[in-house]
Every structure is written in C-alpha cells, then in structure tokens.
Amino acid sequence: SGTILVMSKEFSRKSLNDAGGGSHKKPGQKSFVAACSECRSWLPMLLPHVIGKIAVNFVMENATPVNYYVYNGKEVSLFGIHHQSFLMSHDLFFAILGLFVLAGDMLSRR
C-alpha cells in the first residue's frame, strides 16, 4: 500500500503539472520491456518494500515455525546455550514471542 501511495502522489503531481498545458493525455500502459528500461525511475522507490518483504518472509515462514515446533526444552536460555543463569519457562517464552510477532504484524499493516 505504501508503493501505491507513492505512485499515486507521483501521478497526481505529473497530472497537475500537465494540466496547464492545453491538451491533457492520459498515461497509457507501457510494455514490459519499456518499463524495465526505465527502472531507474521506479526501482529506488520499490527497494525498501522488497527488503522489508524479504525480512518478513524469512521470519514468519522460517524462523517462527522452527522455534514453535522444533524446540522442545522445558526452559529457554535468554542469552545462549552457555548461559544457564538466565532461564525462562518454555511456554512463557513462546507466549511473549507470539505477542511480539503479533504486534509486529499488526504494526506493519497500518
């Protein structure tokens, strides 16, 4: 939705600039090859969304299910396997992790 908002602002700005010049042409659909040749105009706006999508896919589709369904210890070490003094209950840890995943998902959908 952020990309759509950026693109709609860009088209609004262009149409306002063109409105004073007499004939007003509607933007037509470009071919795939023509759009790819002009990637310098749209790719920088798209890159932050692509990077964010890659991070979300990795965490939601890989790391979270592995944690929930593979880890079967009774306690979770908060600072790595070599620190046995900071332990948390397995169920409490995954409840907190689930809340952070839920909050991150909700905040990303503003």
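As the structure is a prediction and not an experimental result, all values here were calculated from the model.

1. Comments concerning the overall build of the protein chain
A count of helical and extended segments in the protein chain gives four helices and two strands. Each helix and strand of the protein chain, ordered N terminal to C terminal, gives the series α-α-α-β-β-α. Relative to its full complement of 110 residues, the protein chain shows a buried share of 6%. At a minimum sequence separation of 6, the contacts of the protein chain that also span at least 24 residues come to 31%.

2. Overview of the side chain of H90
Among the structural elements, H90 can be located in helix α4 (residues 90-108). Exposure remark for H90: the relative accessible area of 18% places this residue in the buried category. Once residues lying within four places of it in the same chain are set aside, the contact partners of H90 are Y71, G73, K74, E75 and V76.

3. Comments concerning the packing of aromatic side chains
Aromatic ring pairs are described here by two measures, namely the spacing of the ring centres and the angle between the planes. Counted under the stated rule, the structure contains two aromatic pairs. When the centroid spacing of 5.0 Å and the interplanar angle of 80 degrees are considered together, the rings of F79 and F86 count as edge-to-face. Looking at F86, the relative accessible area reads 43%, which means it is partly exposed. Ring geometry for F93 and F94: centres 5.2 Å apart, planes at 85 degrees, overall edge-to-face. On the basis of relative accessibility, which here comes to 26%, the residue F93 falls in the partly exposed class. Residue classification places F94 among the buried positions, given a relative accessible area of 10%.

4. Digging into a nonpolar patch on the surface
On the surface, W42, L43, L47, V50, I51 and I54 cluster together to form a nonpolar patch covering roughly 520 Å² of accessible area. Turning to its location among the elements, L47 is positioned in helix α3 (residues 39-70).

5. With respect to the side chain of S77
Along the chain, the position of S77 falls in strand β1 (residues 75-77). Leave out the neighbours within four places in its chain, and S77 touches H83, F86 and L87.

6. Brief notes about the confidence of the model for the protein chain
For the protein chain, the average pLDDT comes to 77, and 75% of its residues sit at 70 or higher. The element-level mean pLDDT for the protein chain is lowest in helix α1 (residues 2-19), coming to 53, with strand β2 (residues 87-89) highest at 90.

7. Some thoughts on α4
Taking 1.5 Å per residue as the helical rise, α4 with its 19 residues ought to reach 27 Å, and the 27 Å between its terminal C-alpha atoms agrees with that figure. Along α4, the residues classified as buried are H90, F94 and V101. Buried residues along α4 cover an arc of 20 degrees about the axis, so they all sit on one side. Set apart from the buried face of α4 by more than 90 degrees, the exposed residues are L99, F100, M106 and L107.

8. Details of the packing of α3 against α4
Axis separation between α3 and α4 bottoms out at 11 Å; the angle between their running directions is 160 degrees. Viewed along their axes, α3 and α4 adopt a mutual orientation that is roughly antiparallel. The handedness of the crossing between α3 and α4 is left-handed. Along the contact surface, α3 presents M60, T64, N67 and Y68, while α4 presents F94, L97, G98 and V101.

Thresholds, definitions, all that
- Residues numbered from 1 in each chain as written.
- Predicted model: local features only at pLDDT ≥ 70, side-chain atom pairs only at ≥ 80, totals over all residues.
- Heavy atoms only, no water.
- Helix = DSSP H or I, 4+ residues; strand = E, 2+ residues; numbered from the N terminus.
- Buried < 20%, exposed > 50% of the residue type's maximum accessible area, 1.4 Å probe, protein only.
- Contact = heavy atoms within 4.5 Å.
- Phe/Tyr/Trp six-rings, centres within 6.5 Å; stacked < 30°, edge-to-face > 60°.
- Patch = residues over 30% accessible without salt bridge, like charges linked within 9 Å, V, L, I, M, F, W, Y side chains within 5 Å.
- Areas by Shrake-Rupley, 256 points an atom, 1.4 Å probe, with all protein chains shown as cover.
- Salt bridge = Lys/Arg side-chain N within 4 Å of Asp/Glu carboxyl O.
- pLDDT = per-residue confidence, 0-100.
- Expected span 1.5 Å × (residues − 1).
- Arc of directions from axis to C-beta.
- Axes fitted to C-alpha atoms, helices over the stretch in contact; angles between N-to-C directions.
- Parallel < 35°, antiparallel > 145°, perpendicular 65-115°, else oblique.
- Left-handed = near helix turned anticlockwise from the far one by under 90°.

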